[in-house]
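Residues per chain are reported as follows:
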Amino acid sequence: MYYYTHGDPVPPEAAISVRNVYKRHSKNAPYVLKGINLTVERNTIYGLLGASGCGKTTLLSCLVGRHLIDFGQIRVFIQNKKQLGHMPQQVALYTEFSIGEVVRYFGYLYEMTAQDIDKTYRALSKLLSLPEDGKVLCGELSGGQQRRVSLAITLLHNPDLLILDEPTAGTDPVLSSTIWNHLLGLTAQGKTVIVTTHYIEEARQADVIGLMREGVLLEESEPQSLLLRYSCSSLEEAFLYLCFRHSKEKAESKKNEDPPLTVQCSPVLHSPLVSNEYISWSRFKAQLLKQFIWIKRNLLVMSYVVFLPLICMYVFNCAVGLFPSPLRLALINEETNGLPPVSCSQSVDTGCNLTGPMSCRYMQKIEKIGKVELVQFNNMAEAREAVGHGKLWGTMQFTPNFTQSFLNRYEMGRDTEPLDIYHSNVYLSLDMTVVEYIQYVLYDHPFHGDPWITFLLVYLQGICGTMFGILICFITKQEQLAGFGIMAASIPIMTLSGLIWPVQAQPDYLRYFSQMLPITCSIDAVRGLTIRGYPFSHPMVYMGFVSSICWSFVLVLWSYIQVKRNDGAP
């Protein structure tokens, strides 16, 4: 990775050269790296020492390209990512994976074969006292064991440059000595190592050490030369002396620690850590393995994700929008309940003779449909009481003069008397507390439009939804908050977009807001395609496409801005 500026010349034998580097995490934050200058020669171990918060981890993140520097120059001798091995301070393991599975995953990322991965891991497991079979889950390991697994992954592909952030943390003295001996052996093979540690005295084994405090490199020297220069018996004593001297100089000078304008630079676009490959089959293979292992370890979650929507759809369509069968209605037929009572079974005439009770003929037609069950009641009071108790869905009433009034209405037409109109009606009353019209019926849904256009529109909406989820993740940065954020945003969008209830039924102020939601126009377009058979040229249809594309573009742009605000890290 390269950054150019005016500065000291870079030694040709240097593996890493850092010149006048400044770095801060946000525009208004103080600098955490202040004019860092260091040189790491090839085939050596460089020990970077300092207290927590002095900027060691930030410097290493800049070296591996995780963060961009604000000013200065960094030059690394490697030509591609495979030459770099980075062990971060925070353990980056998948806790639900076994040791062998996570090693296999990173090995595939390094373009290693399965045989090479297994062979190398067996050697590293003996070196780092890890289970050779690798069947233990990473989540069941202690913190020290997890760091050793992380170190094994860093060493797995035999990189030319090793950047190790506290590799001996949580290890006993014997294992710590073994790790250092291995690192010394790697430098003898032509490798270069940068290592940070809190154990100052163990850094005596490094070829060169750099002492950092408050973002400043206090001293860079060979350990023995440093002890002789300041007449100290230990590195800790020398470090304390340098810290006191730095504090004194800082209090006396009170100089501005901001970078001078002459060191400002723009990063060069070319970098060995940036891949120009359109697709990496090794990474694709590794991601495929990771997803397969994750599914195997989370069968319950996958069952939830796959089957819950299907179950919800089935239950929803079985419980909502369908015609209740049988629909039990209370029947009050005052035409046959009179004195003397008339039996419909004896008086129904299906021919053209209209002299019999027309209410009986009407009931016969209803019974043939088979979806309505009529329960006879003598009066309305008893029928309403049964409906109130939830035994029936509603009431159906025929007046005493239904047949005669119906015939008069048939003969008189528009001149029918109001009284005949009243008595010729069938009065139906339903219990609306148990009937909800919240969505049109999905079963037997008409489909008159082009299915390919509809599929493309739904696919674009899927992309739009994906971009929306990615944006939420970039904003929240935490998995749980991202999940809650997506749920909190999705439910109002689904409710207000017209998917459940028509937008036209909303108040004016809410209707205008609903029209701007990502899926409102697309829902109208799908309805226009499926129900009305509109072509793509119809405004209702193509506005659905325009809305989906525009929202996807806005969400991608918003995500890009959010990543930039996060200093390049999602």
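Structure: see above.
Just so we're clear, the structure is a prediction, and the values are computed from it rather than from any experiment. (Residues numbered from 1 in each chain as written. Predicted model: local features only at pLDDT ≥ 70, side-chain atom pairs only at ≥ 80, totals over all residues. Heavy atoms only, no water.)

> Outline the environment of Gln189, listing residues and values.
Examined against the element boundaries, Gln189 turns out to sit in the loop between α5 (173-188) and β7 (192-197). Among the residues examined, Gln189 registers a relative accessible area of 56% and is labelled exposed. In this structure the C-alpha to C-alpha distance between Gln189 and Asn43, which are 146 residues apart in sequence, comes to 7.7 Å. (Helix = DSSP H or I, 4+ residues; strand = E, 2+ residues; numbered from the N terminus. Buried < 20%, exposed > 50% of the residue type's maximum accessible area, 1.4 Å probe, protein only.)

> Tell me about the sheet that holds strand β2 (residues 33-41), and please be specific about residues and values.
The strands making up a sheet associate through hydrogen bonds between their backbones, and the pairing can be parallel or antiparallel. One open sheet accounts for three strands, arranged β2-β1-β4; its pairing is antiparallel. Unpaired on one side and paired on the other, β2 and β4 (71-76) mark the two borders of the sheet. If you compare each strand with its neighbour and ignore which way they point, the axes differ by 10° on average. With five bridges connecting them, strand β1 (residues 14-23) and β4 associate as antiparallel partners. What sits directly across from Ile16, in β4, is Val76. (Pairing = 2+ DSSP bridges. Axes fitted to C-alpha atoms, helices over the stretch in contact; angles between N-to-C directions.)

> Residue-level account of the packing of aromatic side chains, with values.
With the rule as written, the count across this model stands at 14 aromatic pairs. With 6.4 Å between their ring centres and 80° between their planes, Tyr22 and Phe71 make a pair best called edge-to-face. Within this pair, whereas Tyr22 is found in strand β1, its partner Phe71 is found in strand β4, the two being separated by 49 residues in sequence. Per residue, the accessibility class of Tyr22 equals that of Phe71, and both read buried. Here the aromatic rings of Tyr230 and Tyr241 are separated by 5.2 Å at their centres, their planes lie at 45°, and the arrangement is tilted. Taken together, the positions of Tyr230 in the loop between α6 (223-229) and α7 (235-253) and Tyr241 in helix α7 put the pair 11 residues apart, joining distant regions of the chain. We classify Tyr230 as buried; its relative accessible area is 17%. Among the aromatic residues, those joined into a cluster by ring pairs are Tyr94, Phe97, Tyr105 and Phe106. For Lys285, the ring lying beneath its charged end belongs to Tyr108, and the centroid distance is 4.2 Å. (Phe/Tyr/Trp six-rings, centres within 6.5 Å; stacked < 30°, edge-to-face > 60°. Lys NZ or Arg CZ within 6 Å of the ring centre and 35° of its normal.)

> Mind laying out the side chain of Arg19, listing which residues take part and the relevant values?
Considering the arrangement of structural elements, one finds Arg19 in strand β1. Polar contacts involving the side chain of Arg19 include one to the main-chain carbonyl oxygen of Leu38, which spans 3.2 Å. (Polar contact = N/O pair within 3.5 Å; in protein donor to acceptor, adjacent residues only side chain to side chain.)

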